[in-house]
Amino acid sequence: MSWTGKGLAVGTAGAVVALLAVTGCGGSGDDGEKVPTTASGSLEHIASEAGCDPDMQTDADTIRQAICKSSGGKYVLATFATDRGQAEWLTGAKDYGGYYLVGRKWVAVGEKKTVSALRGRLGGTMEEGSEHMNPGGSHNNGTHSGGGGHAG
């Protein structure tokens, strides 16, 4: 099975929305910890470094995606065949809020505390999704000057 273009973004973004509904958004993490060299390799290799036995959800040519569980919570771990595929996926998925740990050709998505803890094992860069979908997230600090009439 091969996903391309909008089908990839819509299908995967739907999985992110489902995960966020299960895990919720928010939490706290320690950004002051030492970050290791960013992990690389197959989904199985990255999952192993994270201490996860991956529950495969998507195994396609362009994306492989699994649900992982840790003592810190559930998260989605996805690997991509190309940098472009990862960038397109992130663009669509971030519209749904959430917290993202991003490495080269892989992403972990979940609650902030879960993803922050993973960073101590996998390295990577922390990113946050849409301010409108992250109640209590760092974007919602009262300085949003966008259009009136919508609550964060």
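Residues numbered from 1 in each chain as written. Predicted model: local features only at pLDDT ≥ 70, side-chain atom pairs only at ≥ 80, totals over all residues. Heavy atoms only, no water.

Attention now goes to the overall build of the protein chain. For the protein chain, the helix and strand inventory stands at four helices and six strands. For the protein chain, the sequential pattern of α-helices and β-strands runs α-α-β-β-β-α-β-β-α-β. The buried share among the 152 residues of the protein chain stands at 38%. Counted over contacts in the protein chain with a minimum sequence separation of 6, partners at least 24 positions apart contribute 55%. Accessible area for the protein chain stands at about 7,800 Å²; split by element, carbon and sulfur atoms hold 50% of it. (Helix = DSSP H or I, 4+ residues; strand = E, 2+ residues; numbered from the N terminus. Buried < 20%, exposed > 50% of the residue type's maximum accessible area, 1.4 Å probe, protein only. Contact = heavy atoms within 4.5 Å. Areas by Shrake-Rupley, 256 points an atom, 1.4 Å probe, with all protein chains shown as cover.)

So, on to the pairing of strand 3 (residues 73-80). Within strand 3, six of the eight residues are buried, which leaves it mostly tucked inside the rest of the structure. The pairing of strand 2 (residues 63-70) with strand 3 spans eight bridges and is classified as antiparallel. Bridge assignment links Gln65 to a residue of strand 3, and that residue is Ala78. Hairpin connection, strand 2 to strand 3: the antiparallel pair is bridged by two residues. One ladder, built from five bridges, connects strand 3 with strand 5 (residues 106-110); its direction is antiparallel. From the neighbouring strand, Leu77 faces strand 5, where its bridge partner is Ala108. (Pairing = 2+ DSSP bridges.)

Evaluation of the coordinates by the stated rule reveals six salt bridges. One salt bridge in this structure joins Arg64 and Asp59, with 2.9 Å as the shortest N-O distance. The partner of Arg84 in a salt bridge is Glu88, and the shortest N-O contact between them spans 2.9 Å. Residue Arg84 and its partner Glu88 are located together in helix 3 (residues 83-93), separated by four residues, close to a single helical turn. (Salt bridge = Lys/Arg side-chain N within 4 Å of Asp/Glu carboxyl O.)

Taken together, the six strands give an open sheet; going across it, the order is 1-2-3-5-4-6, and neighbouring strands pair in antiparallel fashion. Bordering the open sheet on either side are strand 1 (55-59) and strand 6 (125-128), each of which pairs with just one other strand. Ignoring which end each strand starts from, the neighbouring axes of this sheet average 20 degrees apart. Bridge count for strand 4 (residues 99-103) against strand 6 is four bridges, and the pairing is antiparallel. From the neighbouring strand, Tyr100 faces strand 6, where its bridge partner is Glu127. (Axes fitted to C-alpha atoms, helices over the stretch in contact; angles between N-to-C directions.)

In this section: the nonpolar core. Residues Tyr75, Leu77, Leu101, Trp106, Ala108, Leu118 and Leu122 are the most contacted members of the largest nonpolar core, which totals 17 residues. Looking at this core, the element that brings in the most residues is helix 2 (residues 43-50), giving four residues. With near-sequence residues (within four places) excluded, Leu122 lies in contact with Pro36, Thr37, Thr38, Ala39, Ile46, Glu49, Ala50, Leu101 and Trp106. (Core = buried A, V, L, I, M, F, W, Y, C linked by side-chain atoms within 4.5 Å.)

Positive phi, close to 70 degrees, is recorded for Lys105, a residue that is not glycine. With respect to the element layout, Lys105 can be found in the loop between strand 4 and strand 5.

Another aspect to go through is helix 4 (residues 112-122). Along helix 4, the residues classified as buried are Thr114, Val115, Ser116, Leu118 and Leu122. The inward-facing, buried residues of helix 4 abut helix 2, strand 2, strand 3, strand 4, strand 5 and strand 6.

Attention shifts here to the environment of Ala93. Positionally, Ala93 belongs in helix 3. Overall, the relative accessible area of 1% leaves Ala93 in the buried class. Here the alpha-carbon distance between Ala93 and Ser130, two residues 37 residues apart in the chain, equals 9.1 Å.

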